[in-house]
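Coordinates in review
Given next are the chains, with one letter for each unit.
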Amino acid sequence: MNDILPEETPVWRHLEACIQGVLHRYGFREIRLPIVEHTELFARSIGAVTDIVEKEMYTFTDRNGDSLSLRPEGTASCVRAGEEHGLLYNQEQRLWYRGPMFRHERPQKGRYRQFHQVGVEVFGLEGPDIDAELLLLCARLWRELGLSDQVQLQLNSLGDLEARHRYRDALVAYLQRHLDALDEDARRRLDTNPLRILDTKNPQTQAVLEQAPVLWDHLEAPAKRHFEALCTRLSDCGVAFEVNPRLVRGLDYYGKTVFEWVTDSLGAQGTVCAGGRYDGLVEQLGGRATPAVGFAMGLERLVLMLCQLGPDAAVASDAPDLYLLAAAPEQEGPIQQLAETLRTQLPHLAFQVHMGGGSMKSKMKKADRSGAEAALLMGADELASASVTLKPLRTGEEQVRIPQSELTARLAERARRAPEHPSTG
Ligand code: HAM
């Protein structure tokens, strides 16, 4: 669980603003969900024999004796909320949410116990066009973030439940014949969640899987048509993808389309965004059958990628625009008052007032370290003549005395001329 420090928060806000902008442009509305839910909700949706539910949830008993868990993901909560508030029946919903998720995993680069997702869930639409729409949305986001070159889309179809059961039997029968070559993890999963063996990182198990039955061969015609239509739509819209027949996902609620956006640039934790269809989940949780599809992206991983792009990643800093300082205690009150006036008149600029006294040299040092583009100084002369001295800190320009009556207009003009506004607002 990490602190996100002031040096890092501008990148987070840049990322979040980009995501929100794109979601808005695709017609999504925000929903805010609680961080704690009944444990049973996750067991019933994600699956009782998944890693998340078996090993990774932060679960506790509250004062009423109820078993609660910190949410490991947002889809289950979103379905619960949709049902509870009557948002799902006979309706179309395009929702998104954001916030911390909790999984007790082994931490490493890109994998944390508290991490943040932006998730998107669509209810009431069953066609491949909405699957495509979600992937187009992601592709646009990567373009706007400057990450397009670094992420690849992998797609698969899991078919419906019966097809998966038939495939599961065929896969288990095949793997039983190769038991000796399987690692311990794969053997354990053979009885619990055999499809997850397809995800293995063990080369020996991977070699066994080379000849294993393929899920696609067990799919019914409608699921195949859905998937092919999705692939065609993506190609028509210029979104590159790779079909990965081994892609199964670690949560049980998926059927038909599943996808992951992966990158090589983060080491082992290379999935930055993942999701798929879960047409059965609403009914499974007690609602009426409602088609649904969604995804979630891991913000820490995207922040890491943005930071790797370097300082040119178009990330604005949190530096103030102007640093205001008084030469002596007599001007401290007037400069603070001046700052208040400027904040009212120039609400898009950020003004930081020096506090805590010190020598002129140390005040100027702090002005410089603040990252501000210029300092506004007030000494006895300025106070007496109702003016202020503007001292550019970055450009080498000469300092100038400006009457306070002209200050607002002059600062607005400077801000207009600046190539890129440093404040994120
Ligand atoms: P997920 O694949 O478990 O899916 O997580 C989605 C994304 O969250 C991952 O691709 C990754 O970027 C990020 N993530 C997951 N675990 C961690 C972690 N421990 N540390 C950092 N980042 C992590 C879901 O959560 C589904 N609810 C997605 C979904 C929504 N499917 C349909 N609708």
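Check the entry above for the structure.
All of the points below concern the structure found in this document. (Residues numbered from 1 in each chain as written. Predicted model: local features only at pLDDT ≥ 70, side-chain atom pairs only at ≥ 80, totals over all residues. Heavy atoms only, no water.)

**Examining the side chain of Lys363**
Inclusion rule: Helix numbering and strand numbering both begin at the N terminus, where a helix is a DSSP run of H or I of at least 4 residues and a strand a DSSP run of E of at least 2. Exposure classes here rest on a 1.4 Å probe applied to the protein chains alone. A residue is buried below 20% of its type maximum, exposed above 50%, and partly exposed in between. Only four residue types enter the tally: Lys and Arg on the positive side, Asp and Glu on the negative side, with His and both chain ends excluded. In the sections that follow, a salt bridge refers to a side-chain nitrogen of Lys or Arg positioned within 4 Å of a carboxyl oxygen of Asp or Glu. Definition of a polar contact: a pair of N or O atoms within 3.5 Å, with one able to donate and the other able to accept a hydrogen when the atoms are protein atoms, and with sequence-neighbouring residues admitted only if both atoms are side-chain atoms.
Summarising the element assignment, Lys363 is placed in helix α13 (residues 360-369). Despite its burial, Lys363 remains without a salt bridge, the nearest opposite charge being carried by Glu332 at 5.1 Å. Among the polar contacts listed, one links the side chain of Lys363 to the backbone oxygen of Ala327, at a separation of 3.2 Å.

**Focus: the sheet that holds strand β10 (residues 271-277)**
Where we set the bar: DSSP calls a pair of strands paired once it identifies at least 2 bridges connecting them. Here, two residues are considered to be in contact whenever any of their heavy atoms come within 4.5 Å of each other. In this analysis, axes come from line fits to C-alpha atoms, helices being fitted only over the stretch in contact, and the angle between any two N-to-C directions falls in the range 0 to 180 degrees.
Read across the open sheet, the eight strands follow the order β1-β5-β6-β11-β10-β9-β7-β8; overall the sheet is mixed. Only two strands of the sheet have a single neighbouring strand rather than two, namely β1 (29-30) and β8 (242-243). With 10 bridges joining them, strand β5 (residues 93-102) and strand β6 (residues 114-123) adopt antiparallel strand pairing. Bridged to Trp96 within β6 is Val120. Against the sheet, helix α4 (residues 75-84) contacts β5 and β6, and its axis sits at roughly 45° relative to β6.

**A look at the site of the ligand**
Going by this rule: The cutoff for a nearby residue is simple: one of its non-hydrogen atoms must lie within 4 Å of the molecule or strand. Only the protein chains shown count as cover for residues, and all accessible areas are computed by the Shrake-Rupley method using a 1.4 Å probe. In this count, Pro and Cys sit with the nonpolar residues alongside Ala, Val, Leu, Ile, Met, Phe, Trp and Tyr, while Asp, Glu, Lys and Arg are called charged and the others, Gly among them, polar.
By nearness alone, 25 residues border the ligand, and Glu73, Thr75, Glu105, Glu121 and Tyr254 come closest of all. Within the side chain of Thr75, an N or O atom sits 2.8 Å from a nitrogen atom of the ligand. Contact distances for the ligand include 2.7 Å between a nitrogen atom and a side-chain N or O atom of Glu105. Contact with the protein chains covers 96% of the free accessible surface of the ligand, which is 650 Å². Elements with a contribution of two residues or more to the shell around the ligand: β6, β10 and β11 (292-298). No other element matches the five residues that β10 contributes to the shell around the ligand. Broken down by class, the residue content of the shell around the ligand amounts to 11 nonpolar, seven polar and seven charged.

**Section: unusual backbone geometry**
The phi dihedral of Asn90 is positive, around 55°, even though this residue is not glycine. Along the polypeptide, Asn90 turns up in the loop between α4 and β5. Unusually for a residue other than glycine, Ala386 sits at a positive phi of about 50°. Within the secondary structure, Ala386 sits in the loop between α14 (380-384) and β15 (387-392).

**Overview of a nonpolar patch on the surface**
How we decide: Surface patches are drawn from residues lacking salt bridges whose relative accessible area is over 30%; two like charges belong together within 9 Å, two nonpolar side chains (Val, Leu, Ile, Met, Phe, Trp, Tyr) within 5 Å.
Taken together, the side chains of Ile35, Val36 and Phe60 define a hydrophobic patch exposed on the protein surface, amounting to about 210 Å² of accessible area. Looking at Ile35, the relative accessible area reads 34%, which means it is partly exposed.

**Quick look at the pattern of salt bridges**
With the rule as written, the count across this model stands at 26 salt bridges. A salt bridge links Lys256 to Asp279; its shortest N-O distance comes to 4.0 Å. Of this pair, Lys256 sits in the loop between β8 and β9 (257-262) while Asp279 sits in the loop between β10 and α10 (281-284); the two residues are 23 residues apart in sequence, bridging distant segments of the chain. Lys256 sits in the partly exposed class, given a relative accessible area of 21%. Judged by its relative accessible area of 23%, Asp279 falls in the partly exposed class. Among the salt bridges present, the one from Glu397 reaches Arg414, with a minimum N-O distance of 3.7 Å. Linking Glu397 in the loop between β15 and β16 (400-403) with Arg414 in helix α15 (residues 404-417), this pair joins segments that are 17 residues apart in sequence. Judged by its relative accessible area of 39%, Glu397 falls in the partly exposed class. Given the relative accessible area of 15%, Arg414 is considered buried.

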